[in-house]
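Descriptive structure summary
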Amino acid sequence: MVPKLKAQKKRIDIIDALRGFAVALMVIHHAFYNAWAFLDAPLWLYRNPIFNILQIIFIGVFVAVSGVSSRFSKGNVERGAIVLVIAVIISYITTQMEMPIIFGILHLLGFLMMFYGITRKFWDNIPRKVAPFIYIILIVVSALVRAFLSPSFDNIEMHNALHNILNDVLSVLGWRQPGFVTFDYQPILPWIFVFLFGTWIGEYIRENKFPSWFYEVKVPFFPVIGRNALLIYIAHQPILVGITIGIAHLLASSA
């Protein structure tokens, strides 16, 4: 058994590796998107059944690991606020570039960290043996509700400003409305319950109730990516877009 104090102070490689794996898949996915958008690569390169499944997996891993990490932090509100500020700056910059990211993965994670930081006592009061079943049921139900319901305020007479706000709220929750344009869209449902499921796992990890190998195993390559996930998220698309546009210019000039 790993001593609790040591486990709290030392980073756990496998957690960083999972986060790094999710980030790596995200970068690859965006690289394929850029190839389609700027190099006339076929659409199936990034939009196909395999990548559709992988996208759900890497987003789910990213969100769940964020939930796990939130169990180790007492400053989730502050951490979430910092991430949200960075997300808003990204929204402003990408809007100026006419490739707006209005509610992407950083917006989602920042919101979830703050939400959990504010409501943590409520979730902690749910019995541990019951909590995972509640979260899994809510993940499934919210995903089904998103798939089969299409709420809208379009048929209700109201002031335009209020109508736009309510439609934005629906979009952020998970029902994307016409006019809500974003190049990265990760709504609150069902990911909020994936995050909470991660916090449930995180408590067992924090209390050293996983096998000793979980805390001691060394994973190559991916932990470094995981420890720098925020920086990579911020920097990867500008770099990828620059490289892709450069390749497009080279191909055009050589044609």
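If you're wondering where the values come from, they're calculated on a predicted model, not measured in any experiment.

Cut-offs applied
- Residues numbered from 1 in each chain as written.
- Predicted model: local features only at pLDDT ≥ 70, side-chain atom pairs only at ≥ 80, totals over all residues.
- Heavy atoms only, no water.
- Helix = DSSP H or I, 4+ residues; strand = E, 2+ residues; numbered from the N terminus.
- Rg over C-alpha atoms; globule rule 2.2 N^0.38 Å.
- Buried < 20%, exposed > 50% of the residue type's maximum accessible area, 1.4 Å probe, protein only.
- Contact = heavy atoms within 4.5 Å.
- Areas by Shrake-Rupley, 256 points an atom, 1.4 Å probe, with all protein chains shown as cover.
- Lys, Arg positive; Asp, Glu negative; His and termini not counted.
- Charge placed at Lys NZ, Arg CZ, Asp CG, Glu CD.
- Core = buried A, V, L, I, M, F, W, Y, C linked by side-chain atoms within 4.5 Å.
- Phe/Tyr/Trp six-rings, centres within 6.5 Å; stacked < 30°, edge-to-face > 60°.
- Expected span 1.5 Å × (residues − 1).
- Arc of directions from axis to C-beta.
- 1 Å grid on protein atoms, 1.4 Å probe; cavity = no way out; pocket = protein on both sides within 12 Å on 5 of 7 lines; lining within 4 Å.
- Points joined across faces, edges and corners; volume = space filled by probe spheres on them.
- Nonpolar A, V, L, I, M, F, W, Y, C, P; charged D, E, K, R; others polar.
- Salt bridge = Lys/Arg side-chain N within 4 Å of Asp/Glu carboxyl O.

Considerations on the overall build of the chain
When helices and strands are counted, the chain shows 11 helices and 0 strands. Across the chain, helices and strands are ordered from the amino to the carboxyl terminus as α-α-α-α-α-α-α-α-α-α-α. What you see for the chain is a C-alpha radius of gyration of 20 Å, in line with the 18 Å of a compact globule of 255 residues. Over its C-alpha atoms, taken along the principal directions, the chain stretches across nearly 65 × 55 × 35 Å. In the chain, buried positions account for 42% of the 255 residues. Contacts in the chain between residues far apart in sequence, at least 24 positions, make up 76% of those at least 6 positions apart. With an accessible surface of roughly 14,500 Å², the chain has 72% of that area assigned to carbon and sulfur atoms. If you average the places of the 20 positive and of the 13 negative side-chain charges in the chain, the two averages end up 15 Å apart.

Quick word on the nonpolar core
Ranked by size, the top nonpolar core spans 51 residues in total, and within it I15, V63, I105 and L108 carry the most contacts. Only α2 (13–39), α3 (49–70), α4 (76–96), α5 (105–124), α6 (131–148), α8 (191–206), α9 (212–216) and α11 (229–254) provide two or more residues apiece to this core. Once residues lying within four places of it in the same chain are set aside, the contact partners of L108 are V63, F103, Q186, P187, I188 and W191.

Describing the packing of aromatic side chains
One pass over the structure, following the stated rule, counts 17 aromatic pairs. Ring geometry for Y116 versus F195: centroids 6.0 Å apart, planes at 70°, classification edge-to-face. A residue pair is termed long-range when its members are at least 10 positions apart, and Y116 in helix α5 and F195 in helix α8 qualify at 79 residues. Overall, F195 belongs to the buried group, its relative accessible area being 1%. Judged by centre distance (6.1 Å) and plane angle (65°), the rings of W213 and F214 are edge-to-face. Grouped by ring-pair contacts, the aromatic residues F111, F115, F122, W123 and Y135 constitute a single cluster.

A look at α6
The terminal C-alpha atoms of α6 lie 26 Å apart, and with 18 residues this matches the ideal 26 Å at 1.5 Å per residue to within 8%. Taken together, the buried positions of α6 are A131, P132, Y135 and S142. For α6, the arc enclosing every buried residue in end-on projection is 100°, short of the 170-degree limit, so these residues lie on one face. Those residues of α6 that are exposed and aimed more than 90 degrees away from the buried face are F133, I137, A147 and F148. Where α6 is buried, its residues touch α5 and α8.

Things to note about the layout of surface pockets
Remark: the empty space left among the atoms is shown by a probe the size of a water molecule rolled over them. The calculated volume of the largest pocket comes to roughly 1,100 Å³. Lining of the largest pocket is provided by 35 residues; of these, H30, F183, D184, Y185 and Q186 occupy positions nearest its centre. Broken down by secondary-structure element, the contributors of at least two residues to the lining of the largest pocket are α2, α3, α4 and α11. Grouping the constituent residues of the lining of the largest pocket by class yields 22 nonpolar, 9 polar and 4 charged.

Describing the pattern of salt bridges
Inspection of the entire model under this criterion finds 11 salt bridges. Note that R227 and D16 form a salt bridge whose closest N and O atoms lie 3.4 Å from each other. Placement of R227 in helix α10 (residues 222–227) and of D16 in helix α2 is noted, with a sequence separation of 211 residues between them. Judged by relative accessible area, R227 falls into the partly exposed class, the value being 39%.

Let's talk about the environment of H163
Mapped onto the elements, H163 comes out in helix α7 (residues 160–173). With a relative accessible area of 15%, H163 lands in the buried category. Once the C-alpha coordinates of H163 and I28 are considered, the two residues, 135 residues apart in sequence, prove to be 37 Å apart. Ignoring sequence-local partners within four residues, the contact set of H163 consists of F153, D154 and M158.

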